[in-house]
Amino acid sequence: MSLDRRALLLALAGSTLSACGMAGGGSRFPRPGDWRRDATTPEGYSPGFRDIDFADWSDAEPEYLLYPGDQIDVRTPTAPELNQSLTVGPDGRVTMPLVGQFMAADRTLHELEAELVAAYTPILRRPEVEVVLRQAGPLKVWVDGEVRNPGVYDMPGDIDVHQAVILAGGFLPSARRDEVGLIRRGPGGSRMMRRVDLSGRDRQHVAVRRMDVVYVPRTTLAEVAVFFSQIREAMPIGFNYTIGGQYQQF
């Protein structure tokens, strides 16, 4: 993170925190739903939290979405000469004979099948399309905040949040290790966040999933709202969530 970006992030975080009326005058990790409260309530969280809007945490596995690097087989039983083995490109697209390019990233297998059927309907008689995931691409996790080398990393197998931080060069001295934020795409594409305590010997061991975001704040997790407000156009394909019924990339 550049010095200019860090300075901007901290300045905005300070203004957000000063606007929050925290009970007892101390910092605490907000409970699920706090970001949706009106700013005039006793707990008085900034309207910016409502704009970000995190859903309650769930460990349920959402339906699989295709990502760049995934290898798929596209089969057309009614026209087997069009069968293809494809890799989702870095731009999230695949190319099919006769109908050209299609956005595959951030779509389920059934959604891509439906789009291809619609495209082939004017060309083929009663087209059928089956899309099968042959091999998933690399597990990617974004690590940002007070780490030495923030960025998107390919995870070497099953790892936890602390190992993801180590992969990003480890904590900076300014890191708030007891309030690390884990942001995850939940059921229905909702955006969820939970606190992970990585301080001391009793640190939590929480496994990361594909396309998780790990954010290490300098002060408290109120910084997460500022962080998301700054990177809406910067996150790679695949880090997507629904907010208020609308699908958005962050």
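Further up the page is the structure itself.
One structure accompanies this document, and this report is about it. Predicted model, so just to flag it, every value in this text is computed and none were measured.

## What to know about helix 3 (residues 109-120)
- Here helix 3 is twelve residues long and its end C-alpha atoms lie 17 Å apart, about the 16 Å a rise of 1.5 Å per residue gives.
- Within the span of helix 3, buried status applies to Leu112, Glu113, Leu116 and Tyr120. Around the axis of helix 3, the buried residues are gathered within 105 degrees of arc, so they sit on the same side. Those residues of helix 3 that are exposed and aimed more than 90 degrees away from the buried face are His110 and Ala118.
- Looking at the buried side of helix 3, the elements it contacts are strand 1 (71-75), strand 3 (93-96), strand 4 (100-103) and strand 5 (130-135).

## So, the packing of aromatic side chains
- Summed over all chains, the structure comprises one aromatic pair.
- Where Tyr64 meets Tyr67, the ring centres are 6.0 Å apart and the plane angle is 90 degrees; that geometry is what we call edge-to-face.
- Looking at Tyr64, the relative accessible area reads 30%, which means it is partly exposed.
- Here the basic side chain of Arg194 rests over the ring of Trp57, its NZ or CZ set 5.7 Å away from the ring centre.

## Some words on the sheet that holds strand 9 (residues 191-196)
- If you trace the five strands from one edge of the open sheet to the other, you get 7-6-10-8-9, paired in mixed fashion. In this open sheet, the two strands that pair with only one neighbour each are strand 7 (151-154) and strand 9. Taking each pair of neighbouring strands and ignoring which way they run, the sheet shows an average axis angle of 25 degrees.
- With four bridges joining them, strand 6 (residues 140-145) and strand 7 adopt antiparallel strand pairing. In the sheet register, Lys140 faces strand 7, and the bridge partner there is Asp154.

## Describing the side chain of Asp70
- Within the secondary structure, Asp70 sits in the loop between helix 2 (47-52) and strand 1.
- The class of Asp70 is buried, set by a relative accessible area of 0%.
- At 2.9 Å, the side chain of Asp70 and the backbone nitrogen of Tyr67 are in polar contact.
- Those residues in contact with Asp70, other than ones at most four positions away along the chain, are Tyr64, Leu65, Leu86, Thr87, Val88, Leu133, Gln135, Ala136, Gly137 and Arg210.

## Here's the deal with the nonpolar core
- Counting residues in hydrophobic clusters, the biggest one holds 20 residues, and the most contacted among them are Val143, Val161, Val208 and Val214.
- At the level of secondary structure, the elements contributing two or more residues to this core comprise strand 6, helix 4 (161-167), strand 8 (180-185) and strand 10 (213-216).
- Residue contributions to this core peak at three residues, all from helix 4.
- The contacts of Val143, once residues within four sequence positions are left out, are Pro150, Gly151, Tyr153, Ala164, Val165, Ala168 and Val214.
- Formed by 17 residues, the second largest nonpolar core is a distinct cluster that contains Ile72, Val74, Phe102 and Leu124.

## Details of the pattern of salt bridges
- A complete count under the given rule lists ten salt bridges for this structure.
- In this structure, Glu115 and Arg107 form a salt bridge, with 2.7 Å as the shortest nitrogen-oxygen distance.
- We classify Arg107 as partly exposed; its relative accessible area is 25%.
- Through salt bridges with shared partners, a single network forms among Asp73, Arg75 and Arg134.

Rules and cut-offs
- Residues numbered from 1 in each chain as written.
- Predicted model: local features only at pLDDT ≥ 70, side-chain atom pairs only at ≥ 80, totals over all residues.
- Heavy atoms only, no water.
- Helix = DSSP H or I, 4+ residues; strand = E, 2+ residues; numbered from the N terminus.
- Expected span 1.5 Å × (residues − 1).
- Buried < 20%, exposed > 50% of the residue type's maximum accessible area, 1.4 Å probe, protein only.
- Arc of directions from axis to C-beta.
- Contact = heavy atoms within 4.5 Å.
- Phe/Tyr/Trp six-rings, centres within 6.5 Å; stacked < 30°, edge-to-face > 60°.
- Lys NZ or Arg CZ within 6 Å of the ring centre and 35° of its normal.
- Pairing = 2+ DSSP bridges.
- Axes fitted to C-alpha atoms, helices over the stretch in contact; angles between N-to-C directions.
- Polar contact = N/O pair within 3.5 Å; in protein donor to acceptor, adjacent residues only side chain to side chain.
- Core = buried A, V, L, I, M, F, W, Y, C linked by side-chain atoms within 4.5 Å.
- Salt bridge = Lys/Arg side-chain N within 4 Å of Asp/Glu carboxyl O.

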